[in-house]
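Residue-level structure breakdown
Now for the letters of each chain:
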Amino acid sequence: MSRVLVIGAGGVGSVAVHKMAMSSEIFSHITLASRRREKCDAIAASVLARTGRVIDTVELDADDVAATTALILALKPKLVVNLALPYQDLNIMEACLAGGANYLDTANYEPRDEARFEYGWQWAYQDRFKAAGLMALLGSGFDPGVTSVFTGYTRKHLLDVIDTLDILDCNGGDHGQPFATNFNPEINIREVTAPSRHWENGTWIEGPALAHKQVFDFDQVGPRNMYLMYHEELESLANFYPEIKRIRFWMTFGDAYLKHLEVLGNVGMTRIDPVMFEGRAIVPLQFLKALLPEPSSLGPTTRGKTNIGTIATGLKDGMQKTVYINNVCDHEAAYAETGNQAISYTTGVPAMIGAALMVTGKWSGAGVFNMEQLDPDPFMDMLGKHGLPWQVHDLPAPLAF
Ligand code: NDP
C-alpha cells in the first residue's frame, strides 16, 4: 500500500499523476492537491477516462505550512511529490518534517524576489531529514533528474573517469504560438535571462546571458542553435563529481523566441521587482505570465520532438572515449498518452519513477539526496519501460567547441 500526495496541478503534475495511475501495483492511493481545486478535478477526470482509476483531489495553498502539515497528517502518505513551483520547496519540506512524510521535487528552491536558485537552502535540511529518518530527493525531473542519472550511469558503466560533461537540451517542437514558454513562464524566463555559468577547473566561469552559441545536429530534430546557460544540476554535479574538469549546459532556442525575449527584457516586462501601476504594485514578469498561454494548453498544437542528453569524455580501460546518452521524445505521442506536451512529459515521467523507487524502497536513505548520489540502474531500467527510452552512442571525437 503506497499512498502518495502530489502537490501541483500543472503540466508536470498532470503527467506524473497519469503515469502513477498507470502503475497501480506501485501507487495504490493518489491524492492531487493544488492551489485551484478545478485544475485537480480536470486532471482527475482525464486520469479516470484514460486509466479507469479514481484519484482524490484537494485544494491546498502549499505556502501554508500548517495546512500542508494537516493534510499530510490526515492522509499519511509515504511520500509527498512536490510539482508546484520552486517557491514552495522549503515550505513543503517543512510540512514533510512536521507530518512525517518523505519528499521529492523536480526543481530547486528559488526565492520569489531574487532570480537565484541554488541547492544550499535545501541541502541545509540534511541533518533534520536524517534525524527524522526521512528521505528528501531533489531534482527528479529530466534536467535536473535524468541528466544527473545519465551521468551516474556513464560513471558506473561506460567510463572509469569523466573529464568533461556537456548537457544538451533541445526542444525541437513547434507549438504554433508567436511566443510561449513550455513550462511555467515565470520560472522559465527567470532561468533563461540569468547570466551563463559553467564549471571549469574548480571554479565557476560567468558570462552574459545567451551570448555563447553553437550549432549541434540533434538526432531526429536536425541542426539547432544551442546556447551556453547556467542550469541547476551543474551545482550538484560539480559537488558530487569533483573529478569532472568541465561541466557545461546548453539549451536550444529559436530566433523568434530570443527576439521576443530581448524586446520584453528591453521594455522591462521580465523584471521581478514590483512597479506601481494605477495605484497598485505589480510585478511585470507575473503580469506577463498572466498574458502568455499556460504551458499545459500547448499540448494539442505542439509538433516535433525533444532530444536531451549528456556527452561525456574520459577514460575507459586507459583509452580516451566520448559517450553520448540521450532520449528523444515526441510531443504528439506524449499528448496522445497523457494530454500534455513533451516538456511536461519528460519531467513528469522521471518524477513518477523517482517516486516509485522511493515508495518501493529501491532508493532509500535518511537525509537529503540528489539524483546522482543514487544507483542509476533501477531508474534507467524504468525510463525505457515508462515512455522515455534512451540510447548510448560512442562518438568518434569530443565536441569541437
Ligand atoms: P505549472 O505552472 O504548469 O504548474 C504548477 C502548479 O503548481 C499549478 O497548478 C499551480 O497552481 C500550482 N501551485 C502554484 N503555487 C502553489 C501553491 N502555493 N500551492 C499549491 N499549488 C500551487 O508548472 P509546470 O507543471 O510546468 O512545472 C512544475 C514544476 O516542475 C516547476 O517547479 C518547474 O520548475 C519544474 N520543472 C522541472 C523540470 C526538470 O526537468 N527538472 C522541467 C520543467 C519544469 P495554479 O494552476 O493555480 O497556478
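Our subject is the structure listed above.
Source: prediction; values computed, not measured. (Residues numbered from 1 in each chain as written. Predicted model: local features only at pLDDT ≥ 70, side-chain atom pairs only at ≥ 80, totals over all residues. Heavy atoms only, no water.)

**Quick word on the packing of helix 1 (residues 11-21) against helix 2 (residues 37-51)**
Close contact between helix 1 and helix 2 brings their axes to 10 Å; oriented N to C, the two are set at 35 degrees. With respect to the hand of their crossing, helix 1 and helix 2 are arranged in right-handed fashion. Of the residues in helix 2, those in contact with Ser 14, Val 17, His 18 and Ala 21 of helix 1 are Ile 43, Ser 46, Val 47, Arg 50 and Thr 51. Class assignment for the residues of the contact of helix 1 with helix 2 results in four nonpolar, four polar and one charged. (Axes fitted to C-alpha atoms, helices over the stretch in contact; angles between N-to-C directions. Helix = DSSP H or I, 4+ residues; strand = E, 2+ residues; numbered from the N terminus. Left-handed = near helix turned anticlockwise from the far one by under 90°. Contact = heavy atoms within 4.5 Å. Nonpolar A, V, L, I, M, F, W, Y, C, P; charged D, E, K, R; others polar.)

**Points about helix 12 (residues 331-338)**
If you check which residues of helix 12 are buried, you get His 331, Ala 334 and Thr 338. Each buried residue of helix 12 lies within a common arc of 65 degrees when the element is viewed along its axis, so the set occupies one face. Tucked into the core, helix 12 has its buried residues touching helix 1, helix 2, strand 7 (161-171), strand 15 (305-316), strand 16 (319-330) and helix 13 (342-359). Two residues or fewer past helix 12, Gly 339 is found with a positive phi of approximately 80 degrees. (Buried < 20%, exposed > 50% of the residue type's maximum accessible area, 1.4 Å probe, protein only. Arc of directions from axis to C-beta.)

**Digging into the packing of aromatic side chains**
Following the criterion strictly, the structure yields 16 aromatic pairs and no others. For the ring pair Phe 117 and Tyr 230, a centre distance of 5.7 Å and an interplane angle of 20 degrees mean the geometry is stacked. Placement of Phe 117 in the loop between strand 5 (102-105) and helix 5 (120-123) and of Tyr 230 in the loop between strand 11 (222-229) and helix 9 (233-240) is noted, with a sequence separation of 113 residues between them. In this structure Phe 117 comes out as buried when scored by relative accessible area, which is 9%. Taken together, a centroid distance of 5.2 Å and an interplanar angle of 65 degrees make the contact between Tyr 153 and Trp 390 edge-to-face. Here the residue Tyr 153 occupies a position in helix 7 (residues 146-158), and Trp 390 occupies one in strand 18 (residues 390-395), the gap between them amounting to 237 residues. By the ring-pair criterion, three or more aromatic residues cluster together here, those being Phe 117, Trp 199, Trp 204 and Tyr 230. Arg 197 extends its terminal NZ or CZ atom over the ring of Trp 204, reaching a point 5.7 Å from the ring centre. The aromatic ring of Tyr 230 is capped on one face by Arg 197, whose charged end is 4.1 Å from the ring centroid. (Phe/Tyr/Trp six-rings, centres within 6.5 Å; stacked < 30°, edge-to-face > 60°. Lys NZ or Arg CZ within 6 Å of the ring centre and 35° of its normal.)

**Looking at the nonpolar core**
Met 20, Phe 27, Trp 363 and Phe 379 are the most contacted members of the largest nonpolar core, which totals 84 residues. Here the element with the most residues in this core is helix 13; it accounts for eleven residues. (Core = buried A, V, L, I, M, F, W, Y, C linked by side-chain atoms within 4.5 Å.)

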